[in-house]
Every structure is written in structure tokens, then in C-alpha cells.
Amino acid sequence: MTESLFYFLASLTLLCALMVVLSKNPVHSVLFLIITFFTISGHYVLLNAQFLAAVNIIVYAGAIMVLFLFVIMFLNMSKAGDSKIKTSTISKFAGAIAGGLLFIVLISALKDASVVGYTPETYNSQVGMVESLGYVLFTDYLLPFELASVLFLVAMVGAVMLGKKEEGESHF
Amino acid sequence: MESVDLLYKAIYILVIFGITLLIATYSTYFERKIAAFIQDRVGPNRAGPAGLLQPLADAGKLFFKEDFIPARANKALFILGPGIAMLVATMSSAVIPYGDMLLVDGREIYLQAIEVNIGVLYIFGVVSLGVYGLMIGGWASNNKFSLLGAIRAASQNISYEIAMGLSLIAVLMMTGSLSLREIAAQQAGFNWNIWYQPLGFLIFLVCAFAETNRTPFDLPESEAELIGGYHTEYGSMKLGMYLFAEYINIFVASSVMATLYFGAYNFPFMFELEAWLVDATDSVVTANNIVTLLGVGFMFVKIFLFIFFFMWVRWTLPRFRYDQLMKLGWKILIPLAILNILLTGGGILLKDYLF
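Quick notes on the rules
Residues numbered from 1 in each chain as written. Chains lettered and ligands numbered in written order. Predicted model: local features only at pLDDT ≥ 70, side-chain atom pairs only at ≥ 80, totals over all residues. Heavy atoms only, no water. Helix = DSSP H or I, 4+ residues; strand = E, 2+ residues; numbered from the N terminus. Buried < 20%, exposed > 50% of the residue type's maximum accessible area, 1.4 Å probe, protein only. Areas by Shrake-Rupley, 256 points an atom, 1.4 Å probe, with all protein chains shown as cover. Phe/Tyr/Trp six-rings, centres within 6.5 Å; stacked < 30°, edge-to-face > 60°. Contact = heavy atoms within 4.5 Å. Buried area = accessible area lost by both parts, 1.4 Å probe. Salt bridge = Lys/Arg side-chain N within 4 Å of Asp/Glu carboxyl O. Polar contact = N/O pair within 3.5 Å; in protein donor to acceptor, adjacent residues only side chain to side chain. Nonpolar A, V, L, I, M, F, W, Y, C, P; charged D, E, K, R; others polar. Domains from an automatic or database assignment. Core = buried A, V, L, I, M, F, W, Y, C linked by side-chain atoms within 4.5 Å.

Student: Give a detailed account of the overall build of chain A, specifying residues and quantitative values.
Tutor: Within chain A, the regular secondary structure consists of six helices and zero strands. Overall, chain A shows an N-to-C arrangement of helices and strands of α-α-α-α-α-α. Among the 172 residues that make up chain A, the fraction classed as buried is 23%. Only carbon and sulfur atoms are counted for the fraction: they give 74% of the accessible area of chain A, which is about 12900 Å².

Student: Describe in detail the packing of aromatic side chains, supporting the description with residues and values.
Tutor: Under the counting rule described, the total for this entry stands at 26 aromatic pairs over all chains. Where Phe138 of chain A meets Phe145 of chain A, the ring centres are 4.9 Å apart and the plane angle is 65 degrees; that geometry is what we call edge-to-face. Residue classification places Phe138 of chain A among the partly exposed residues on the basis of a relative accessible area of 48%. A relative accessible area of 31% places Phe145 of chain A in the partly exposed class. Between Phe204 of chain B and Tyr261 of chain B, the aromatic rings sit 5.7 Å apart at their centres with planes inclined by 55 degrees, giving tilted as the arrangement. Here Tyr261 of chain B lies in helix H9 (residues 236-261) and Phe204 of chain B lies in helix H7 (residues 198-211), a separation of 57 residues in the sequence.

Student: Pulling in residues and values, what's your account of the interface of chain A and chain B?
Tutor: In this assembly, 29 residues from chain A lie in contact with 24 residues from chain B. Summed over both partners, the interface of chain A with chain B buries about 2300 Å², with 78% contributed by carbon and sulfur atoms. Between chain A and chain B we count zero salt bridges in total. The tally of links between chain A and chain B comes to three residue pairs in polar contact (both at pLDDT 80 or more). Of all elements in the fold, only helix H2 (26-46), helix H3 (50-76) and helix H5 (130-139) of chain A reach the threshold of two or more residues within the side of chain A that touches chain B. Of the residues forming the side of chain A that touches chain B, the biggest block, 17 residues, is contributed by H3 of chain A. Across the side of chain A that touches chain B, the residue classes tally to 22 nonpolar, six polar and one charged.

Student: So, the domain arrangement of chain A: which residues are in play, and what are the values?
Tutor: Residues and elements named next belong to chain A. By domain assignment, chain A separates into domain 1 (1-78) and domain 2 (125-165). On a C-alpha basis, the centres of domain 1 and domain 2 stand 23 Å from each other. Contact residues are listed per partner, giving four residues for domain 1 and five residues for domain 2. Across the domain 1 to domain 2 interface the summed buried area is about 420 Å²; carbon plus sulfur atoms make up 66%. The largest per-residue losses of area from domain 1 upon contact with domain 2 belong to Asn48, Gln50 and Phe51, which jointly make up 87% of the total buried on that side. At the junction of domain 1 and domain 2, the tally comes to zero residue pairs in polar contact (both at pLDDT 80 or more). Tallied by class, residues from the side of domain 1 that touches domain 2 come to two nonpolar, two polar and no charged.

Student: Can you explain the pattern of salt bridges? Please cite residues and give values.
Tutor: Residues and elements named next belong to chain B. Under the counting rule described, the total for this entry stands at seven salt bridges over all chains. Measuring nitrogen to oxygen at the nearest pair gives 3.2 Å for the salt bridge that ties Arg314 to Glu31. Here the residue Arg314 occupies a position in helix H11 (residues 284-314), and Glu31 occupies one in helix H1 (residues 3-38), the gap between them amounting to 283 residues. We classify Arg314 as partly exposed; its relative accessible area is 28%. Residue class for Glu31 comes out buried when judged on its relative accessible area of 3%. Its salt-bridge partner being Glu115, residue Arg181 comes within 3.8 Å of it at the nearest N-O pair.

Student: Break down the side chain of Ser167 of chain B for me, citing the residues and quoting the values.
Tutor: Summarising the element assignment, Ser167 of chain B is placed in helix H5 (residues 144-175). Those residues in contact with Ser167 of chain B, other than ones at most four positions away along the chain, are Gly200, Ile203, Phe204, Tyr261 and Ala337 of chain B.

Student: Account for the nonpolar core, with residues named and values stated.
Tutor: One finds Tyr98, Tyr132 and Leu260 of chain B to be the most contacted residues of the largest nonpolar core, which totals 113 residues. It is H9 of chain B that provides the largest number of residues to this core, a total of 14 residues. Each residue touching Tyr132 of chain B, except ones within four places of it in the same chain, is listed here: Ile34, Ala61, Gly62, Met65, Val66 and Leu69 of chain A together with Ile84 and Gly137 of chain B. Residues Phe267, Met270, Leu277 and Val291 of chain B belong to the second largest nonpolar core, which totals five residues.

Student: Tell me about the environment of Leu273 of chain B, residues and numbers included.
Tutor: All names here are of chain B. Positionally, Leu273 belongs in helix H10 (residues 270-281). Of the residues examined, Leu273 reaches a relative accessible area of 25% and is grouped as partly exposed. Sequence separation of Leu273 and Ala258 is 15 residues, and the distance between their C-alpha atoms is 22 Å. Excluding residues that lie within four positions of it along the chain, Leu273 makes contacts with Phe267, Val291 and Leu294.

Shown next as C-alpha cells:
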């Protein structure tokens, strides 16, 4: 049951991720990316990591993707109707070469990697629950956790600095 | 899970689904009646006794209207928009505990569709998806006013989600659990969260109004400037779906507020009543079931009061201007919510220190 569900979800994930790249309309791409996030959340649920699944939906599908959609809809506004992206031959070649290089790097990295299995006897099914996750975050990984939050704060201050109105600039 | 349990669960889910749709249907009727009362009019009174069949007449009208799709609209997304709005609206009631536990044939039946230990996050995630129905519909219409409405909806929802989440954190700090059943159970009797979190509740209430796009936050569909906003191009039942989804959202927001702050199915003196009933009927099962059903009744009374409040505000307050809306969200509600978190944390520490 779980295994067939996994294969279903995995194929759906790959299909939607491919459609993100292949669809001509940027809004369709974003919508496929949202579905991809949902299927990834489905994988988290299969791994019994409910907290990660929910946060993935809230942060990525619920907030960041809305902003993506927001920007793309605004950019499309001027030439509504024909929203096909035109790509030159050079950029197609450049994309193919860059993607191929990345593919080679991934293959060489994964070639020697060993798959870490798990032993059913010692496996703790509660490891993905919010209580255990919070406990680990605030004990073993306290410093990285706090550093990440400081990093977010810096990014936020930077965004405010960039978006701030200059003195004397007219409002709207 | 046994098949009998599964059957009970399926029946319960269908009942809740039906109740959600029924309440949303009659919200439209009561909205017009309350508007009429506030404006000293009579309101709908032709269809059936006291106009009670008005929602059916409205639905019939919407179904029989021509299903129109603009020529240059993105057809697939145009149809998908209202569907997503409806789907997302009906999803969130799954984790809300409408009642405690019923004992039937020695089985414990919890009156909650699914119990997950991240119930609050589930609701939050579903609410944050609600904006997609509006955005997709508004964009696919290929109309500037629709697009402006959709963009307004998106920025408004994102802005108020932050304050909403922060006001929820104070509740979570007190209860120490993300499960809605647990949060409801901790407010037993008259020990409701509203007594400890008045500021948090106020912030949550304002954000709930903004998330459901209700007046005074109905900027996405402000008819004066945007001719109806994101659903300008919609007609027939697709428009009906959007309006219906709004009423379902009101019902769900009311349920969430009742659960988180107003004690869910708990009511004062419930334990005294149960003890008295055990004495009177000589049966623990009957006493428990009576108290549980009474609790369900109280839950729905609270929900109806909140729905009435939504309507009362709609016909009382005028709409915000857009910059006022953003200022309220970012410069007032978020700092207040952070202050509320600090106060709650201080209160918890002080309580540990003193007692």
C-alpha cells in the first residue's frame, strides 16, 4: 500500500517537475511547481514527518509561490494573450551545456554514495513529530538554528534598505 | 482501524460536510435579513414562508444562467479558479473538533474528522492556499480589474497571515500542543483561552476578517473601484462558487475562533451537570452522551454568534483604504502580536516563579 503510494507520488512529482520546465506559459510553470511542492509534502507525510509536510505547504506553497505568481502575473500584464517565452539559439545551447554539466556532477557524486538503510527494530517512528523536532532543534542544533534566524533578519533588513524611499522622492 | 469505525467516520465526515454547506447556504439568507434589519428594511420575504426558500431560488437562478467564458480568457484556469476556492474552503473543517466523545456500543467516537498532532498548522496551511482560487481566477479572466483584485487579495492574505500566525503562537505557548483536540480539551468548563488571550483574540479576529475578504477588508472585490474585483468576468454558478466559498470560509473561521479561544464544545458547569446526570440516569454512557451532544450544541451556538458578528460588522463599518489596510497589518497588528507573545511568555514564567 505504502510502496505503491510512494511510486505514485514519486512519478507525479517527477512529472510535475518536468512540466515546470517544459510548459510554455510561465503561470502554468508556477502552478506545476506548486503541485510539485504538494507531492513533496506527500512524501514527508509518508515518512511520518507531519510537521515538515505542513510547514512545506505553509511556507513554500502558501507564501513564496504566491509571491512568484504575483510577480509573473504583473510582468505578463502588458502583453496578455501571447505569453510564450522566446529563447534564442545561444541561450538554448548555454542551457543545455550548463544542465549537462550539472547532470555529470550529480552522477559522479551519487555514483559512490552508499544508501543508508534503516533497521526496523531501532527505528523511531516519532522522529518527525513536532515535539521531537523542536527538542532536537533547541538542544543539539541550537547554534545553527539561531544563526539561520539571524541570517533571515539580515536578509529582511537588506530588503527594507533596498526598498526604502529616498528622501525627496515622490510618493506613488 | 476497523470497518465499523471507518463507517462511523465516513458518516461523521458526510454530516459535517452537509452541515457546512447548509450553514453556508443559509448564511446568504441571514446576511440579507440582518442587512435589512440594520438598514430598517424587510429583506427577502417572497420565496417561501419568511423568504426561507430564497437561497434555493438564488441557486436555481445561478444554475440556469448562461455559463459564460470570455473569449481571451485562459479557459482551463478560468474553470479551475472557483473549483480551487470551493475545495480549499471545505477542506479546513476536517480537523476541527465539533464535539467531545460519544459512546456508542462501547466504542469511543470522537466528533472530529481527523486527529493530527499538527491540527493548527493544517488549518494554517489550508487557509494560506485559499488565495490561489482568487489569484488564478483573477488572472485567467484576462481583465485588468480582475487582475488588480487578485493581486490585492494575494498581498492582503500574505500580510495578515503573519499577524495571524504570531497571535496563534501565544495560544500554542500556553497549551503546549498543536492538536486542536488537545487545545479544546484544555479549555474544559469555563477555563477558556479568551480569559488569558484577549489581545491575541482581537488580533486573530481582525486577521480572520482579512483572510475571509470580508468588509472592512473586502478590498479584492471592492465594487466601487474594481467593478467586483477578481470575479468581474464570472457569471452563473462559477460566480456562485466564489460567493459560496466566502460563506464557507466565514463558517470555518468562526469554528476556528470558537475552538481556539472560546472553549470549543466546553460550557460552564459541564462536569457538575455530568455528575448530576450520572446520579439521575444511573448510566455513565447516557450522561456522557447527553453532555457531549449539549457541547456540540454550545459549539454551534458560539459559531452562529461569530457568523452574526461577521455580518454585523459588514453592515456597520465602511471599507479601509488600501494603504490603511497595509499599515494596519504591518505596523500595528504584527508589533502587537509580538508584544502579545512577550507578555504571554512573561506571564508563563511569572506563574512558574510564583507558584
